[in-house]
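# Fold and geometry: a report
What follows is each chain in one-letter form.
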Amino acid sequence: MPRLFVRAALLAAALGAAAAAPLAGQAHPRTPPEVRAVPRTGPVAIDGRLDEALWRTAPAATGFTQQDPDEGKPATQPTEVRFAYDGEALYVGARMFDSLGARGVRSRLARRDQQEEGDYLELVFDTFHDHTGRTVLRVNPAGIKTDAGQAAAYADPSWDPVWEAAARVDSLGWTAELRIPFSQLRYARGEAQSWGVQLWRFTERLNERSMWAFWGKEEAGGPQRFGHLQGLRLTARRAAVELLPYLVSRAEYVRPDDPESPFADPSDYGVRAGGDVKAVLTSTLTLDATINPDFGQVEVDPAVVNLSAFETFFPERRPFFVEGSGLFDFGDFGCFVCSDVSSLSLFYSRRIGRFPQGSVTDPAEFVDVPENTTILGAAKLTGRTRGGLQVGVLNALTARERARAQGPDGRVFRQEVEPLTNYFVGRVKRNLREGSLVLGAIGTSVVRGFGDDALRALLPAHAEAVGVDWNASWRERTYTLLGNFALSQVSGDSAAILRLQESSARYFQRPDRDPGGNGFFSDAHDPGATVLRGFGGYLRAAKDAGSWLWEASVNYRSPGFEVNDLAFLTEADYVWMNANLLRQWTRPTRWFRGLVVNAGLQRQYNFDGDLTGPDYHAYGSIELPNYWEGSLFALYRPESLDDRLTRGGPVVRRAASVGLFPSFETDSRRPVVLEVAPSWSRTAEGAESWGVELEVRYKPASNVELSLEPGYSRDRSAAQFVRTFADPAATHFHGRRVVFAELDQHTLGLDLRLAATFTPTLTLEVFAQPFVATGDFSGFKEFRAPRTREKVRFDTLQLRPVRAASGRDSVYVLDPDRNPATADFSFRNPDFNERSLRGNAVLRWEYRPGSTLYLVWQQERSGAALTPFDFGDDAPGVFDAHPDNIFLVKVSYWFGR
C-alpha cells in the first residue's frame, strides 16, 4: 500500500505546478492606501527632532487600524509617517502620538536586532512590488534598530545594513527619523519606482498593535495586502564595493586530554586576518565573499546527551552563512500540529567547515586532530535578474586537513582526516501572478579530492541533488497548494556507498527487509554498488484563512535518498501523512482574547508497507483577557512496528503510548515573565517520562535583561538499545543478538543569559549552561522474536558483571545460550554520569557604522563520574572540572558609503 501512496504523491508533485497555474488570486481585495515620497529640498539631520521644514510639507501616512486588541477599530493613538528621498537615500519622519505624552511611552535599551518589547514603529517594504518581498526596518523610542530582509518572502533577521535612526520622547509621545541608503536596498530597475509598504505600530502599555494597510487576523495577509509608496524617482544605481577586513588575536588555555602526548600544549596564542567583501553589482544583484573567515564571537552550542542513532541538529549561527540564507531555503514545510517529521532539507550550511570526518587509521598512541575544517574562501551571489528571477548562488572551498600522530615507535606523522572539498548551491525562484504562484528550483554539489585511500573508503567522492518547489494560492490566498520534489545521487568507492546503505537513515542490511532491487533508484543492500540514488517530496493542500482551517499533507523519502554531505537528513525510507482540522476564535470575549482548538491524525509507513508511525493528536491554546497564555498538546500513539529500534536488525513492535504537554506564560510586558512547560508520557509497558522546563525573564532596568531557563527530566525506558552482536545461535532473530536494557535517565540543565546594553552600540551578552545527565542501565534483555514487543530478560547465568577496582561493574559478559562451547560476548557498562559547564561572554562595540570591536571569553568544563544521579553531588560537581578558557579580541572596519 505505501508504494501506492508514493506513486500518488509523485503524480501530485508532477502535476502540482501545472494545477496551480489557474489558481491565482487577486492581490488587493480592498483598495490599498497610498503615500507619496517627496524630493528632499534641504538638509535633514537624523536626530529624531522632526524640526526640518521638509516634514511639515511631505504628505503623511495616517489612518492606522487596530489588529489587536480591538480588531478593525481605529488605532487609539494617532500615527503619522512621512517619506522623502534624494539621490542617495530614503528618509522617514514619523510622529507617534500618545494620549499620556511622555508618561505613556515604553522603551527598552537593547542590542541591535534584540529589541522585542516596548513601543516600536516598523516599516516593511516590498521594494520590487511583486507582492512577495519583505525588507523590515524597526526603531523604538530609544533609537534601537532592528532589521531583516531583504526582498524575499523570508525576511532574513541576520541582514545588517548600514543605516541611521534616531528617536526622541517628548510631551506628545515620541518621534523617529530614519535615513536608509539606497545602496543597502535592492529594487527594480527604472527611474519611476512604486514600492509596497506596510507600517506597524505597537503601543506596549495598551498592548495595541495597529497597521496602516489593514487585514484581519483570519485573513491571509502579507505583501499582497501592503499599501503603496509612490513618487520615488531614482537614477541608475552605481556599482559599489564594501570591504570589511578583520584582525583577531586569540589565546587558548586548554588542558590536554593526555598530558603525555607530545602534542599537548596547555596554552596557545595566535593572530589571524581575513575579511569580507560585498560588491553591489546592480540595484538587484550583490556579490558577497569571505576569505579566511573567523566566527569566534558566535555563541557556543549547548550540551546534549544523544542516545539515539541519529545526529543532533544545531542551528547555524555564523554570520556569513546566516545572512541571506532565506534565498537558499528549500523544502518549505508547514503544519498546524505534527510530530516526528522534518522538511526536505537540501542545504545545511554547518556541513561547510565541519569537524574532520576521518580518523587516523595507522597505529598511533597519540593523535592531534584539528577542531574544524578550514574554510579557505566562500562567495555568494544573491538578488534578481533583469527578468525578475530571484537568484542565490553559493560556493565554498574547504582545505585538506591532516591530523598529527605519533606511532608506537615514536615516529611523528600526519594523516589526512578531511579531503579538499568544494561545496556549491544554486537556487532560483520566480513569482508569478502577483505572487500567488511561486515556482523554484535548486541544485547542490559536493566534490572531494582525496589524498588518502582510507578517506576514499569513508566518504563519497561526489554528492549531487536537484529539486523543484511551488507555492500556489487562490481566493485571496485563503487556499494554498505547497509542494516540493527532489532527486539525490551520491557516488564513490563501494565501501563509502556501503556505509551509507547501512547507516541509521535506511538500514539496508535489515534481515527481514524486502530485498527490493537497485534500478535507477537504490532499494537493495549491495556491497559492490558505487552509487546511491533516491527521491523525496512533500505536498500540502490547506485552507489557511478564516475561522475554520484544514490541511492534508504527505511527506516521503525513498530508501536511497541521501543528502547529508550538504544537508541534514536523519531518516529515509518512509511515507508520512498528516491531516488536521482547526477552529480559531480571534474576537475577544470576557473569557479570552483568542482561542485555537485543533484535532488531527498522522500515519507513517516504510516502503515495505509496515505501519511505523500512527498517532492521534489534539491541541488547544488560549490567550486570557490579562494577556496570559496557555496551551495543551495531547498525543496518543497506538502500538506499531519499529524498523529503527534494533539498528539494522529485524522489525519489532513498539508499545502504545500517551503523552500530555501543557505550557503556560505570563504577560510578556511585565518586569518578571514566567513560562512553565511540563511534560508527561507513559507507554503500555509501564515506561514513563516526565519533566519540566521553566523560563524566568527578569527586567530590572530598561537596559538589562536576565533569563534563567532551568529544566529537569526523568525518562524511564523499557527498551533502550545497548549493543548488537552476530550470533549464529540466535536463529529466532536472524542470527543477531540485539541487547536492550531498562534505562533510568536524569537530565538537569540551566541556560542562563544576561544582556546589558550601555548604549545602542555597546552591549554585553553572557551565556552559561551547567548541565548534568546520568543514565542507569539495568534489566538487560532481548526481543523474543521479530515483529513482537515481548522481551526476554537475561538471567544471572546468561549475563555476568565484571567488577572493577572501583567497586562498580565495568564490563558485562553475555552467554545467551548458556553453552560453554559457543562464544561469549562482552560489552562495556553503559551507565554514564556526564557533567559540563560551557558558556561565553561577548562585549560588542560598534565604534562606527558597520565597524565592530569584539571582546570574547569562552569557557568549558567537562567531566564524568561513576555514580548514579544525586543532585547534591552532581550540581556542585559541574564546577569541579578544570576550566578550559579561550580569550579573543576581534576588530573589523567597514569601508563603504
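Structure: above.
Quick look at the structure, then. Please read all numbers here as calculations on a predicted model, not as lab measurements. Residue numbers restart at each chain and count upward from 1, following the sequence in its written direction. Totals for whole chains, interfaces and linings use every residue, but because this is a predicted model, local features are given only for residues with pLDDT of at least 70 and side-chain atom pairs only at 80 or more, for both listing and counting. Side-chain measures here rest on the full set of heavy atoms in the structure, leaving out hydrogens and waters.

## So, the overall build of the protein chain
Note the threshold: Helix and strand assignments follow DSSP, with helices taken as H or I runs no shorter than four residues and strands as E runs no shorter than two, numbered in order from the N terminus. Radius of gyration here uses only the C-alpha atoms, and the compact-globule reference equals 2.2 Å multiplied by the residue count raised to the power 0.38. Classification of residues uses two cut-offs on accessible area relative to the type maximum, computed with a 1.4 Å probe and protein chains only: under 20% is buried, over 50% is exposed, and between them is partly exposed.
When helices and strands are counted, the protein chain shows six helices and 47 strands. By the compact-globule yardstick of 29 Å for 897 residues, the protein chain fits well, its C-alpha radius of gyration being 30 Å. If you line up the protein chain on its principal axes, its C-alpha atoms span 100 × 60 × 55 Å. Split into buried and exposed, the 897 residues of the protein chain put 51% on the buried side.

## Considering the state of the cysteines
Note the following rule: The disulfide criterion used throughout: a pair of cysteine sulfur atoms within 2.5 Å.
Using the criterion set out here, one finds one disulfide in the structure. The disulfide partner of Cys 335 is Cys 338, and the gap between their sulfur atoms is 2.0 Å. Since a negative S-S torsion denotes a left-handed disulfide, the Cys 335-Cys 338 link at about -60° is left-handed.

## Description of a nonpolar patch on the surface
Where we set the bar: Only residues whose relative accessible area exceeds 30% and that form no salt bridge are eligible for patches; like-charged ones are grouped when within 9 Å, while nonpolar side chains (Val, Leu, Ile, Met, Phe, Trp, Tyr) are grouped when within 5 Å. Note on areas: Shrake-Rupley, 1.4 Å probe, and residue coverage restricted to the protein chains presented here. Salt bridges are counted wherever a side-chain nitrogen of Lys or Arg sits within 4 Å of a carboxyl oxygen of Asp or Glu.
On the surface, a nonpolar cluster with roughly 400 Å² of combined accessible area is contributed by Val 241, Leu 243, Val 277, Tyr 893 and Phe 895. With respect to the element layout, Phe 895 can be found in the segment after strand E47 (884–892). Residue Phe 895 is classed as partly exposed on the basis of its relative accessible area, which comes to 41%.

## Notes on helix H5 (residues 494–501)
Side chains of residues three or four places apart in an α-helix project in the same direction, reflecting 3.6 residues per turn. Worth spelling out the cut-off: What the arc covers is the set of directions going from the helix axis to the C-beta atoms. Contacts are assigned to residue pairs with any non-hydrogen atoms lying within 4.5 Å of each other.
Three or more residues of H5 are buried, namely Ala 496, Ile 497, Leu 500 and Gln 501. Summarising the axial view, the buried residues of H5 lie within an arc of 145°, below the 170-degree limit, and thus occupy one face. At its buried positions, H5 is contacted by helix H4 (453–456), strand E26 (479–491) and strand E27 (531–543).

## Examining the sheet that holds strand E21 (residues 401–406)
For the record, the criterion: Strand pairing requires that DSSP identify at least two bridges connecting the strands. For helices, the fitted axis covers only the stretch in contact; all axes are lines through C-alpha atoms, and the angles between them, taken along N-to-C directions, range from 0 to 180 degrees.
Taken together, three strands build an open sheet; the order of strands is E18-E21-E22 and the sheet is antiparallel. Two strands bound the open sheet, and with one partner strand each, they are strand E18 (366–368) and strand E22 (412–418). Ignoring strand direction, the axes of neighbouring strands in this sheet form an average angle of 30°.

## What to know about the pattern of salt bridges
Considering all chains together, one arrives at 49 salt bridges under this definition. For Glu 164, the salt bridge goes to Arg 179, with nearest N and O atoms at 4.0 Å. With Glu 164 in strand E10 (residues 164–170) and Arg 179 in strand E11 (residues 173–181), this residue pair connects regions lying 15 residues apart in the sequence. Across the salt bridge formed by Glu 219 and Arg 225, the nearest N and O atoms sit 3.5 Å from each other. Note on Glu 219: relative accessible area 26%, which makes it partly exposed.

## So, the nonpolar core
Note the cut-off: Among buried residues, the Ala, Val, Leu, Ile, Met, Phe, Trp, Tyr and Cys ones that are joined through side-chain atoms within 4.5 Å form a nonpolar core.
Counting 35 residues, the largest nonpolar core has Phe 83, Phe 125 and Trp 195 as the members making the most contacts within it. Those elements that provide at least two residues to this core are strand E5 (79–85), strand E6 (89–97), strand E7 (120–126), strand E8 (134–139), E11, strand E12 (192–203) and strand E14 (227–233). With 32 residues, the next largest nonpolar core counts Ile 352, Val 425, Ala 486 and Leu 500 among its residues.

## What to know about the packing of aromatic side chains
Applicable threshold: Centres within 6.5 Å make a pair out of two Phe, Tyr or Trp rings, where for Trp the six-membered ring is used; the pair is then stacked when the planes are under 30 degrees apart, edge-to-face when over 60, and tilted otherwise. Look at NZ for Lys and CZ for Arg. If either is within 6 Å of the ring centre and within 35 degrees of the ring normal, a charge sits over the ring.
The full count for this structure, using the stated rule, is 37 aromatic pairs. Ring plane angle 80° and centroid distance 5.8 Å describe the contact between Tyr 253 and Tyr 269, whose orientation is recorded as edge-to-face. Of this pair, Tyr 253 sits in strand E15 (residues 240–253) while Tyr 269 sits in strand E16 (residues 268–280), and the two are 16 residues apart along the sequence. On the basis of relative accessible area, Tyr 253 is assigned to the partly exposed category, the value being 33%. For the pair Phe 333 and Tyr 538, a centre-to-centre distance of 4.8 Å together with 35° between the ring planes defines the contact as tilted. Of this pair, Phe 333 sits in the loop between helix H3 (319–322) and E18 while Tyr 538 is found in strand E27, placing the two residues 205 residues apart along the sequence. Residue classification places Phe 333 among the partly exposed positions, given a relative accessible area of 27%. Taking NZ or CZ as reference, Arg 669 lies 4.8 Å from the ring centre of Tyr 627, over its face.

## So, unusual backbone geometry
A cis amide bond links Asp 68 with the next residue in sequence, Pro 69, at an omega value of 0°. Among the structural elements, Pro 69 can be located in the loop between strand E4 (65–68) and E5. The backbone of His 129 shows a phi angle near 55°, a positive value even though the residue is not glycine. Inspection of the secondary structure puts His 129 in the loop between E7 and E8. Even without being a glycine, Arg 475 presents a positive backbone phi close to 55°. Mapped onto the secondary structure, Arg 475 falls in the loop between strand E25 (462–474) and E26. Residue Arg 475 is classed as exposed on the basis of its relative accessible area, which comes to 61%.

## Some thoughts on the side chain of Glu 846
Stated formally: Here a polar contact is taken to be a pair of N or O atoms separated by no more than 3.5 Å, where protein atoms must pair a possible hydrogen donor with a possible acceptor and residues adjacent in sequence count only if both atoms sit in side chains.
Residue position: Glu 846 is located in strand E45 (residues 832–848). Here the side chain of Glu 846 touches Gly 850 through a polar contact of 2.9 Å, landing on its backbone nitrogen. Residues in contact with Glu 846, not counting those within four places in the same chain, are Arg 112, Thr 761, Ser 851 and Thr 852.

## As for the sheet that holds strand E42 (residues 799–803)
Read from one edge of the open sheet, three strands run E42-E43-E44, paired in antiparallel fashion. Of all the strands in the sheet, just E42 and strand E44 (825–828) have a single pairing partner and so form its edges. Pairs of neighbouring strands in the sheet enclose a mean axial angle of 25°, with direction left out of account. Pairing of strand E43 (residues 809–814) with E44 involves four bridges; the strand directions are antiparallel. Paired with Tyr 812 across the strands is Phe 827, a residue of E44.

## Here we look at the environment of Val 468
Mapped onto the fold, Val 468 is located in strand E25. Sequence separation of Val 468 and Arg 134 is 334 residues, and the distance between their C-alpha atoms is 23 Å. Among residues more than four places away in sequence, those in contact with Val 468 are Phe 330, Gly 440, Ala 441, Asn 484 and Phe 485.

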